Each structure stands twice: as C-alpha cells, then as structure tokens.
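# Observations on chain architecture
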Amino acid sequence: MNLHGIRAIYLFEMARMKRTVMQSVLSPVISTCLYFVVFGSAIGSRMGDINSISYGAYIIPGLVMLTLLMQSISNAAFGIYMPRFSGTIYEVLSAPVSYLEVVVGYVGAAATKSTILGLIILITARFFVDYAILHPLWMLSFLVLTSVTFSLFGFIIGIWADGFEKLQIVPMMIVTPLVFLGGTFYSIDMLQRDGSTCWDGVRNAVARKNMRAMREGDSCLFYHSSCGKHVGVVGTCTVCRPAYPDPADAKWSCVDVQFGAKFSEALLLPALKAEQDG
C-alpha cells in the first residue's frame, strides 16, 4: 500500500479545512449554538427534568450527531467532487495510487474533520448545559465509526453527483429529517400524567412481531433507555388497545398502553443483567 500517497491526499484535505475554517468549523458550531438556544433554553425551560436529566442535556447527543452526519457526508462528497469539477482529479488518477488508497485518503480526512467538529460541539455544549459522559471511550468509538460510515456514503454521493444540487439533496432531504424525527423523550411520569398513549415508532421486525401478539389487558414493563445512570425498568403499563397499523407507516404496528404503576426504585440495567447471569 502506498502510504505516502494516502498521506498526501489526507494532508491536502486537512489543509482545506484550515483554509475554510469559517465555513468548515465556525458555521456548524454557530448553527448548533442556535439550536441550543431555541430548543435547550426556550423549550427546555418549560419542561421539567426527568430522572435528573434536563431536556438540554438530552438533546446534546442528537445535535452532535446531526452535525456529525451532515459534515461527514458533505466533507467526503465535496472532497472528491471538487477535483472532478476542476479537472484536477486526473492528477490523482495518474498518480501511483490505487482506488483503495484514494478512498482511504479522502474518507479518512473527511471522518477526521467530522470527529473533530463533533468534539468541538460537545465542548461548546458545556457553555449551555451541564452534562456528564458516563462512557467516554464508547462515545468516541461511536463518533469515529459514524464519521467513517457516513463519510463513505458521502464519497459515493460525490462520485455520483454531476452538479452541486445533487451534493445537497441527500443530506437536506433525507439525512436531516431522519435525525430530527429519530428521538423520543417520554417517561413514566408523562404516561402517569397522560393516563394512556400510543406506543408507535417501532421499526424493528422482531419487536413488531411481538407487538402484534399483544392483547388487551397484557402487562408491560416500562423501560427508561435515555436517562443517564437511571437506565432500567421504572414501572408497568397495560395494553388497552391491541396492535393496529402505525399512522406514520402502515406496514409497521403500534399499540395503546395505559399507566399501571411506578416503582419507588428503578430496576437498573446492571441489576437486571446480574439477575439474568445468575
């Protein structure tokens, strides 16, 4: 493998980040800060904490991932499209580097830039809300893996696109809506307040099969999955309407559940795993 060729492509792309620091770094950071102001302060101030987790802290991973996904795709797509647009791609093709080495150079640089930007936004979030990172190594691993995956996707878009419009259509029309619609924030306290609710949004085939087998009166455990140190079973609920087509997508199913009981103390995930192992 031609490591010198990979290094040359990588360093050239990283240097482009330095030349366009306003567009590459400051613009995404300022946009994310505005999200914190609008969602974290304006909306979050009207929502109470859930299991000691504030709404502002809850949206941090989503905002980091939004920027990470968008920048990974954009960096990789523009990185390979601009040489095609300007004609300098022939210099790369005539160099003694293989297609794999070209991909590694461009995708590696795009993933590096996106990961750095995600960490900068994570640090910036500290100015708006207090938060704790329970598993920093896992967090960094997911940042890197996500950056590499979507940089590869962006690289494909950059090869496929024959105009600047096509470079933007996938991130703006597909990725952004999926990120905004991909999270939920519903606790046992909210179910107790509402009395009953629709359990929708399930997009797992095995879970759908189990959901369609539910009958009215079946008991369920209510599990908190996004509450920091308090991940675990916090109460029970009862199926009050059996499975019916999900309003958002009829090929999936949903059920209605009503509040059952709230535990005085949550059955935390480590305890559940220990019980299972025992």
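Shown above is the structure to which this text applies.
One structure accompanies this document, and this report is about it.

Rules of the game
- Residues numbered from 1 in each chain as written.
- Predicted model: local features only at pLDDT ≥ 70, side-chain atom pairs only at ≥ 80, totals over all residues.
- Heavy atoms only, no water.
- Axes fitted to C-alpha atoms, helices over the stretch in contact; angles between N-to-C directions.
- Helix = DSSP H or I, 4+ residues; strand = E, 2+ residues; numbered from the N terminus.
- Parallel < 35°, antiparallel > 145°, perpendicular 65-115°, else oblique.
- Left-handed = near helix turned anticlockwise from the far one by under 90°.
- Contact = heavy atoms within 4.5 Å.
- Nonpolar A, V, L, I, M, F, W, Y, C, P; charged D, E, K, R; others polar.
- Patch = residues over 30% accessible without salt bridge, like charges linked within 9 Å, V, L, I, M, F, W, Y side chains within 5 Å.
- Areas by Shrake-Rupley, 256 points an atom, 1.4 Å probe, with all protein chains shown as cover.
- Salt bridge = Lys/Arg side-chain N within 4 Å of Asp/Glu carboxyl O.
- Buried < 20%, exposed > 50% of the residue type's maximum accessible area, 1.4 Å probe, protein only.

Running from N to C, helix H3 (residues 55-86) and helix H5 (residues 99-125) point in directions that differ by 150 degrees, and their axes come no closer than 8 Å. In terms of axis orientation, H3 runs roughly antiparallel to H5. For the pair H3 and H5, the sense of crossing is right-handed. Touching Ile60, Val64, Thr67, Leu68, Gln71, Ser72, Asn75, Ala76, Gly79, Ile80 and Pro83 of H3 are Tyr106, Ala110, Lys113, Ser114, Thr115, Leu117, Gly118, Ile121, Leu122 and Ala125, all from H5. Taken together, the residues of the contact of H3 with H5 break down into twelve nonpolar, eight polar and one charged.

Turning our eyes to something else, we now look at the environment of Gly108. Within the fold, Gly108 resides in helix H5. As a C-alpha pair, Gly108 and Ile6 span 102 residues in sequence and 9.1 Å in three-dimensional space. In this structure Gly108 touches Tyr10 and Val103, once residues within four positions along its chain are discounted.

All right, on to a nonpolar patch on the surface then. On the surface, Trp160, Ile169, Met172, Met173, Ile174 and Leu178 cluster together into a nonpolar patch covering about 660 Å² of accessible area. It is helix H7 (residues 164-180) that contributes the most residues to the nonpolar patch, five residues altogether. Tracing the chain through its elements places Ile169 in helix H7. Under the relative-accessibility criterion, Ile169 is labelled partly exposed at 43%.

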